[in-house]
Amino acid sequence: MSPQRSNRAQLIEGTLRCLESLPPERITARAIAEASGANIASITYHFGSKDTLVTEAAIEGLDRWLVEIDARLGEVAGQSPAARLRSAVGVLEPSRHTGLARNYLAALPKAQHDDRLRALLADGFRRARPNVAGVLGLGADQPGHDAAGLVLGLFHGMLLQVLLDESLSIDGDRFAEALERLFGALDERDA
């Protein structure tokens, strides 16, 4: 007999399917319950609210996206952090996760009024920083984690812009050139 998946895991998976396929206003408790094959009451039992479930699922989806990026970057493991960052930009592909990204961004303003959502999102960033630092070879120390925080800020800012208008995307060589210009400006300041 195979073990049965928990309702909690089913709810996360069903919510991830909703995040990818529905706009934020159509992600209801009923839609999640239907997509997950779980009882609607199990949302409150396991997560306290639909918004908390959606936020936890969005964080899980973003964590999986980072694992996907890491797997696609496997061949650059021996390269410099700069080369890894250039390669990472090439595999981000926000268009593959537009639904997840839109719903994640929709959770941010709600977190300002909900302590649990705010704590979940902050914990997601705390977990992501060392993971991003590892993927990009930035180091396991505080400056490496801080650099990863800056990369996450850059990524989230670009994600927001691309969601508003895909023509605002800065990919590949343009991204590398923009970073070189930015780092050049920092170097000039020290001169």
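Above this text is the structure in question.
Below you will find a few notes about this structure. (Residues numbered from 1 in each chain as written. Predicted model: local features only at pLDDT ≥ 70, side-chain atom pairs only at ≥ 80, totals over all residues. Heavy atoms only, no water.)

Okay, the pattern of salt bridges next. Across all of its chains, the model carries nine salt bridges by this definition. For Arg116, the salt bridge goes to Glu56, with nearest N and O atoms at 3.7 Å. Of this pair, Arg116 sits in helix H7 (residues 115-136) while Glu56 sits in helix H4 (residues 50-72), and the two are 60 residues apart along the sequence. Judged by relative accessible area, Arg116 falls into the partly exposed class, the value being 38%. The closest approach of N and O atoms between Glu60 and Arg64, which form a salt bridge, is 2.8 Å. Taken together, the residues Glu60 and Arg64, both in helix H4 and four residues apart, mark about one turn of the helix. Looking at Glu60, the relative accessible area reads 30%, which means it is partly exposed. In this structure Arg64 comes out as partly exposed when scored by relative accessible area, which is 35%. Linked by salt bridges that have partners in common, Arg8, Glu56 and Arg116 make up one network. (Salt bridge = Lys/Arg side-chain N within 4 Å of Asp/Glu carboxyl O. Helix = DSSP H or I, 4+ residues; strand = E, 2+ residues; numbered from the N terminus. Buried < 20%, exposed > 50% of the residue type's maximum accessible area, 1.4 Å probe, protein only.)

Time to look at the packing of H4 against H7. Close contact between H4 and H7 brings their axes to 10 Å; oriented N to C, the two are set at 5°. As judged from the angle between their axes, H4 and H7 are roughly parallel. Residues Asp51, Thr52, Thr55, Glu56, Ile59, Asp63, Leu66 and Asp70 of H4 touch H7, and the partners they reach there are Arg116, Leu117, Leu120, Leu121, Gly124, Arg127, Ala128, Asn131, Val132 and Val135. Residue composition of the contact of H4 with H7, grouped by class: eight nonpolar, four polar and six charged. (Axes fitted to C-alpha atoms, helices over the stretch in contact; angles between N-to-C directions. Parallel < 35°, antiparallel > 145°, perpendicular 65-115°, else oblique. Contact = heavy atoms within 4.5 Å. Nonpolar A, V, L, I, M, F, W, Y, C, P; charged D, E, K, R; others polar.)

Another point: helix H8 (residues 142-164). For H8, with 23 residues, the first-to-last C-alpha span of 33 Å sits near the 33 Å given by 1.5 Å per residue. With a side-chain oxygen lying 3.0 Å from the backbone nitrogen of Gly144, the N-terminal cap of H8 falls on Asp141. (Expected span 1.5 Å × (residues − 1). Polar contact = N/O pair within 3.5 Å; in protein donor to acceptor, adjacent residues only side chain to side chain.)

Once that is clear, we can look at the packing of H4 against helix H6 (residues 98-111). At their nearest, the axes of H4 and H6 sit 9 Å apart, and the two run at 130° to each other. Taken together, H4 and H6 sit at an angle that is classed as oblique. Remark: the crossing between H4 and H6 carries left-handed chirality. For the pair formed by H4 and H6, the contact residues are Asp51, Thr55, Ala58, Gly61, Leu62 and Trp65 on the first element and Leu100, Tyr104, Ala107 and Lys110 on the second. Split into classes, the residues belonging to the contact of H4 with H6 amount to six nonpolar, two polar and two charged. (Left-handed = near helix turned anticlockwise from the far one by under 90°.)

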